[in-house]
Every structure is written in structure tokens, then in C-alpha cells.
Amino acid sequence: MDLIENRKEVLVYFQSKGIMVTKKALDVILDSSMGELLPKMVTQEVLDTGFLTENDVIKLIRSPQRKKMDFEVYIPDIKAHSSVEDFREMFMDRYERLKKIIVQSSEMRGTYTIKSAKKAQGKVKIVGMVSEVSTTKNGHKRLLLEDLDDNINVFLLKGKGLNNELILEDEVLGVIGSVSNTGKDPVLFADEIIRPDIPYKLIDEQKKDPVFVASLSDIHVGSKTFRQNDFMKMISWIKASEEEASKLKYLILSGDVVDGIGVYPGQDKDLEILNPYEQYEKLAEYVNMVPDDVNVFIMPGNHDIVRLAEPQPVFSQKIKNFFNDNVTLLPNPYNLVLENKNVLVYHGMSLNDMIELVPGASYASVGSSIEELLKRRHLAPVYGGKTPIIPSKRDYHVIDQVPDIFITGHIHSFSQGSYRGVRYINASTWQSQTDYQKMMNFSPNPSIMTLFDLNSKTQIIKDFKES
């Protein structure tokens, strides 16, 4: 193309964005062959003024070409404790924070403590943690609900349909009902169950160019069944910076990024790379190919070389040193703030427990289990199952902030959905079917990347499986 045609293209591009270009700015763009950098000139400042000046263009030339990253990361001080007092403090923290959410709902105004509810007349509202769940011989459901000072038996009568409610031990919930003092001890007959739950929200559709965050999980580098060709195909797609990849700003790897060692008996026979540190070095070779204007976040899972019990701390500095500066290491779980959006990332060990407890849930269809976590505002509502928890004064599994996006992994399934406006994904694995999965008659759907636009409800699935 000659200069006149290029000049027209540049002007048309900026006019489509509502931006006027000064003559000097246009000359600099054309003289410096900056056509590929036009999208980077459409900053919020330029959009606000409606003008692109020579100084705006020169500023871009002189600044590093890495995009400005807009995210917040605060790494909590996760320590290891195991005393009875530590457990008590953790459960107290869970109760207080979830109670605060519950009593903010309009239905729960005027909440009683359990001790005061036992002396009240008529309808009462209480909040407690479930310590026991059982079924009476008549088919009613009985809960032992406790707060910080007292406990009470709560009955969910069969005739009211509440006995079909899925109630889990250790979850915190509100109950509206009537107290009966006719027996030896007061009991509460429930009319309604109120959970902390996620409030209904609309996905914010902004009139901005897409900003994509991509989700991957369970890479399992080092395993003989790691799908290296698919993974390299995905990396090449990012590097080409075409299609949606040109708008990709964040990449999240949500745990089990390597296969580890000693995770299960005889694992060494399944490994291509025996040394776990060499597995991370190999992972870093792939991840360091990602352009440095894409921020990469890496979280541990149960195969990684951090402690197994949750919450899991970030990787060691030795592992961090394998990666480029655009890689940020996260603990598990973690609420990541990207462009003022909450992206809740959790590897997902508790999904093993939830799949067993939620009617109709399975490894192939995990969406209902994910929604039950959101409903309870807790990532591991049941203590003592398959999810090892190490206590601390703060319960890091409580979902304080309502997520805009919720990402899990772990079970090698691929499932996506939306719950009350929260988009969620159980991210695909990058490992072929294992012997254990064959025994369980489960076939994963591997090598899928999910892209979420932070500025709209757009969600894109990219399948990198070799045909």
C-alpha cells in the first residue's frame, strides 16, 4: 500500500473509536511504521480527551512495550498449626463471617441467639453451624445447630418438603421457624432455610474492547500422559497473537501443573521426568514462551510440591526462579482481582467430597457441585472428608467477595455454567486418561482452554486436541 492508503486506514481506525488524530501524531505513526501498535494507543486517557497527540505517540515509543498490568495480588501469611485451639478459632471465624452475610438478608432481620430463641414465643430466626444431621424414623430431618454459646435441635418436617434439603455438616445456615417447649428440651420446627448464597447479579457489559483471561488446569508436566503436542499448540496460538489471543492479558494455571512424585503408589512407572524440580523446569520452558505482556498466574494443587493440606502456600523461591518476571505464584485458594473483577481460583480438592454428597453429581457433570459451594459461600464446607484442611485463625475457604468468575480444576473434567450471574468453569486437564480414570470408567475431555472477557459476558472455548 502507498502512504496515502495507509494514512486513510489509520484515520479510519481512530475515527471508529471516536478519536481525532493530530497531523504531527499521524506523521510519527507513519514514519515509524507503528501500524501494529494502534490498539495500544487507544488508552483511557486518549478516549477521555478524544484526541491523539504527538506526545501520546512518543510516550508509547519510549515506554517498554509490555502492557500495563491491572491486577491486585496479596499473598496471605499461611502458616501450619494443628492444635485444638487452632481448629476452634478457624470454625469460629467461619461462623462469624458467614453469619454476617446471612443476617444482612432481609429475611433474617431480627435474628436471635439460640439461647434467647429457646425462651421466645412464636416465630424466631437463628443462625448456626450444623454439627449433626440425621433422619427420624418418621422421615423428618433433624439437625443439631449450634452458635458460639448454645445449641438446639431443628426439625425439617417431611410434610413441608424441607426434609429434601441437602444439609451438610459444618455448613452455616439461617433457620426461620417456631420453638416448641413441650418436651424435655426446646426444639425448633423449621419453616425456611436461609443460606449465605450468592446474590443475583448481572454481568457488566461494558462498551470496551475485550480483555481476556484464560483458564487452564492440571497440566501434569512430567507424566508420560502429558499432552505435550496439544500444550505446545496452545502456546503457539498465544504467541501468534491473532484472533482472541491478541486480546489475551491474563493466563491462569489452577494447580497440578506438574505430576510430582510419590502422590500415589507406583507413580514412578508413569513418569517421563522423575525429579519434580526438573518437572517445574520443563513447565517453565513452556510458560516462558508466553509473551511477557501476558500475565501468568500459577497455583499449586495436590500433585505439586507444597504441603497437601489446604490452604496451600505459594511455591518456593527455588521454583519461582525458573519462571520469567510475568509469572506470579498464588496460594490455593485465592481471590484474584483483575481489572476490578473478582476471579476466584481454587484447585478443587473438595469437589471429590461434593460429588459424593450432591444428588446427581458426577465427575463428568460437576456443575451442580460447584453451585453448591457457591450457595454455601464456602470452598470446603464439610470437614473430615477427602479434603485435608490445616487450621489457621482465618478460614481461607470462606467466599467473602462475590466472584465474577469462579475457576476450579482437579477432577480432569470440563464443565462450564453460570450461577446467579457468576460464570464458573471446571478447567480441562492436559493429561490423557490415566489408569485410575479407566478403573473409574471416566474419560476426561482434555486440552481445552477457556477464555473469559472481563468486559462482557463473552466466553470462548478453544480446543487444542490433535485431530
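Residues numbered from 1 in each chain as written. Predicted model: local features only at pLDDT ≥ 70, side-chain atom pairs only at ≥ 80, totals over all residues. Heavy atoms only, no water.

Under an unreviewed UniProt entry, the name given to the protein chain is DNA polymerase II small subunit, and the source organism is Ferroplasma acidarmanus Fer1. The Subunit (unreviewed entry) comment attached to the protein chain in UniProt states, word for word, "Heterodimer of a large subunit and a small subunit." (UniProt positions renumbered as here; feature names shortened; annotations may be inferred.)

Per the counting criterion, the structure on display carries 13 aromatic pairs. Judged by centre distance (5.9 Å) and plane angle (90 degrees), the rings of Phe91 and Tyr383 are edge-to-face. You can see Phe91 sitting in helix H6 (residues 84-103) and its partner Tyr383 sitting in the loop between helix H12 (367-376) and strand E15 (405-408), a full 292 residues away along the chain. Since its relative accessible area comes to 35%, Tyr383 is described here as partly exposed. Considering the side-chain rings of Trp430 and Phe464, the 6.4 Å spacing of their centres and the 35 degrees angle between planes classify their relative orientation as tilted. Here the residue Trp430 occupies a position in the loop between strand E17 (422-426) and helix H13 (435-439), and Phe464 occupies one in the segment after strand E19 (459-463), the gap between them amounting to 34 residues. Taking relative accessible area as the criterion, Trp430 reaches 0% and is therefore assigned buried. Residue Phe464 is classed as buried on the basis of its relative accessible area, which comes to 5%. Following the ring pairs from residue to residue traces out a cluster consisting of Phe226, Phe231, Trp237, Tyr286, Trp430 and Phe464. It is Lys318 that lies over the ring of Tyr277; its NZ or CZ is 3.9 Å from the centre. (Phe/Tyr/Trp six-rings, centres within 6.5 Å; stacked < 30°, edge-to-face > 60°. Helix = DSSP H or I, 4+ residues; strand = E, 2+ residues; numbered from the N terminus. Buried < 20%, exposed > 50% of the residue type's maximum accessible area, 1.4 Å probe, protein only. Lys NZ or Arg CZ within 6 Å of the ring centre and 35° of its normal.)

Right, let's get into the side chain of Glu310. Relative to the helices and strands, Glu310 is located in the loop between strand E11 (295-299) and helix H10 (317-320). No salt bridge is formed by the buried Glu310; the nearest opposite charge belongs to Arg307, separated by 9.4 Å. A distance of 2.8 Å separates polar atoms of two side chains, one belonging to Glu310 and the other to His397. Other than its neighbours up to four places away in sequence, Glu310 contacts Asn332, Tyr346, Met349, Thr387, Pro388, Ile389, Ile390 and His397. (Lys, Arg positive; Asp, Glu negative; His and termini not counted. Salt bridge = Lys/Arg side-chain N within 4 Å of Asp/Glu carboxyl O. Polar contact = N/O pair within 3.5 Å; in protein donor to acceptor, adjacent residues only side chain to side chain. Contact = heavy atoms within 4.5 Å.)

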